[in-house]
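# Reading the structure
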Amino acid sequence: MNARHAVAESSHAQEFREKLLSWYDAHARDLPWRKSRDPYRVWVSEIMLQQTRVAAVIEHYHEFLRRFPTVEKLAAAREASVLAAWSGLGYYRRARMLHAAAKIVARERGGTFPSNAKDWLVLPGVGRYTAAAIASIAFREAVAVVDGNVERVLQRIEGQALSGEKLWDAAERVLERKRPGDFNQAMMELGATVCTPRGPQCLICPLVGLCKARGEMVSAKTSVPQKKRNIHYALDRRDGSVFLTQRPQDIRLMAGMWELPEIPEPPDHAKPFLTVKHSITVTDYTVNIWTVPAPADVRGDWWAVERLPKLALSGLARKILRRSGIFEHPK
Ligand code: SF4
């Protein structure tokens, strides 16, 4: 068998599809967004899953849909409410784009979603991967997806580095055109659960007989070492309220979100009230929370504890307030 064309050859491609889909039918994780092909639900889940772990998305998906059950409700919501529902998922630009796209669908398209990947691409926040994922899952359009998981699986199967259009071509060639949504999800599922970046489980892989690499391949990408940083926040409480400060509206990251006031130095206390770990892109933070008054020069507001769950909090602030027992995760 020629390594370069192992999967592209029709007989192998067909075997690849059958083996992968049988495995997916038996082993797919029971994820909430897989219960529906409703385009609104598929779209919300795909935007949430960009750059966010499945476990974190599961925590927020139901609550977001409870607050905004239709694209019309999302379009009519205030941005602060959308950001509050997004709090904890990070990368808030996604929430703003989702909101902007909802307004276009509700007001300019009469509530009708695009039915193919090309038309999805016109909406804010929808790139090539997301457009193909939604069109294949919700509308059964025969278009392949390429994300990090698909890229790794295809490279290992083919036993060679693939990038750019070659990768998309390879994905198109193996796509099962009768079940494109399931096939795309199966590729991503295999990459997420079996053909993982480190230590792929080839012994239980349905594609082991077709795979050239059968194990890790040296990645062309070099990993960036995580930086470490200590930061300190004041947890200032008074009469059932907490003092919070709002991030400026004109900054790139988490504009307008509420957070605890940062303090430059640890106070002269024996130990912090609480310590949490928090990672953002390439930095691992050790976050120490001190029960001290907010610095006098920090501007902010007192927020009643019962209003906090609906406030547009940063993910870190939400984590701290929950871990402090100040409010619970909404059921
Ligand atoms: S055999 Fe191993 S390397 Fe190949 S696709 Fe399966 S898990 Fe990945």
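Residues numbered from 1 in each chain as written. Predicted model: local features only at pLDDT ≥ 70, side-chain atom pairs only at ≥ 80, totals over all residues. Heavy atoms only, no water.

You can read the domains of the protein chain as domain 1 (3-210) and domain 2 (227-323). One C-alpha centre belongs to domain 1, the other to domain 2; they are set 34 Å apart. Taken together, the contact between domain 1 and domain 2 spans ten residues of the former and 13 residues of the latter. Counting the surface lost from both domain 1 and domain 2, the interface buries some 790 Å², and carbon and sulfur atoms represent 53% of this. Summed over the shared surface of domain 1 and domain 2, the number is four residue pairs in polar contact (both at pLDDT 80 or more). (Domains from an automatic or database assignment. Contact = heavy atoms within 4.5 Å. Buried area = accessible area lost by both parts, 1.4 Å probe. Polar contact = N/O pair within 3.5 Å; in protein donor to acceptor, adjacent residues only side chain to side chain.)

In the vicinity of the ligand, the residues found are Arg156, Ile157, Cys195, Pro200, Cys202, Cys205, Val208, Cys211, Arg214 and Gly215. Its residues assigned to classes, the shell around the ligand comprises seven nonpolar, one polar and two charged. (Near = heavy atom within 4 Å. Nonpolar A, V, L, I, M, F, W, Y, C, P; charged D, E, K, R; others polar.)

Moving on to the pattern of salt bridges. Evaluated as defined, the whole model comprises 16 salt bridges. The residue arginine 96 makes a salt bridge to glutamate 79 at a minimum N-O spacing of 3.3 Å. With a gap of 17 residues between them, arginine 96 in helix H6 (residues 93-108) and glutamate 79 in helix H5 (residues 79-86) connect regions that are remote in the sequence. Given a relative accessible area of 37%, glutamate 79 falls into the partly exposed group. Here the residues in one salt-bridge network are Asp25, Arg37, Arg179 and Asp182, joined through shared partners. (Salt bridge = Lys/Arg side-chain N within 4 Å of Asp/Glu carboxyl O. Helix = DSSP H or I, 4+ residues; strand = E, 2+ residues; numbered from the N terminus. Buried < 20%, exposed > 50% of the residue type's maximum accessible area, 1.4 Å probe, protein only.)

In this structure, serine 87 sits in the loop between H5 and H6. For serine 87, a relative accessible area of 2% translates into the label buried. Ignoring sequence-local partners within four residues, the contact set of serine 87 consists of His60, Tyr92, Leu313, Ser314, Gly315 and Arg318.

Quick reminder: α-helices carry 3.6 residues per turn. Residues three or four places apart thus point the same way. Taken together, the buried positions of helix H10 (residues 164-174) are occupied by Leu167, Trp168, Ala170, Ala171 and Val174. Buried residues of H10, viewed axially, fall in a sector of 160°; they line one side. (Arc of directions from axis to C-beta.)

Soluble globular proteins: nonpolar side chains tend toward being buried together. The biggest cluster of nonpolar side chains holds 76 residues, and the ones touching the most others in it are Phe16, Tyr40, Trp43 and Phe64. In terms of residues, this core owes the most to one element, helix H8 (residues 128-139), which gives eight residues. Excluding residues that lie within four positions of it along the chain, tyrosine 40 makes contacts with Phe64, Leu65, Phe68, Pro69, Thr70, Val71, Leu74 and Phe113. Counting 23 residues, the second largest nonpolar core, distinct from the first, contains Ile231, Trp258, Ile289 and Ile326. (Core = buried A, V, L, I, M, F, W, Y, C linked by side-chain atoms within 4.5 Å.)

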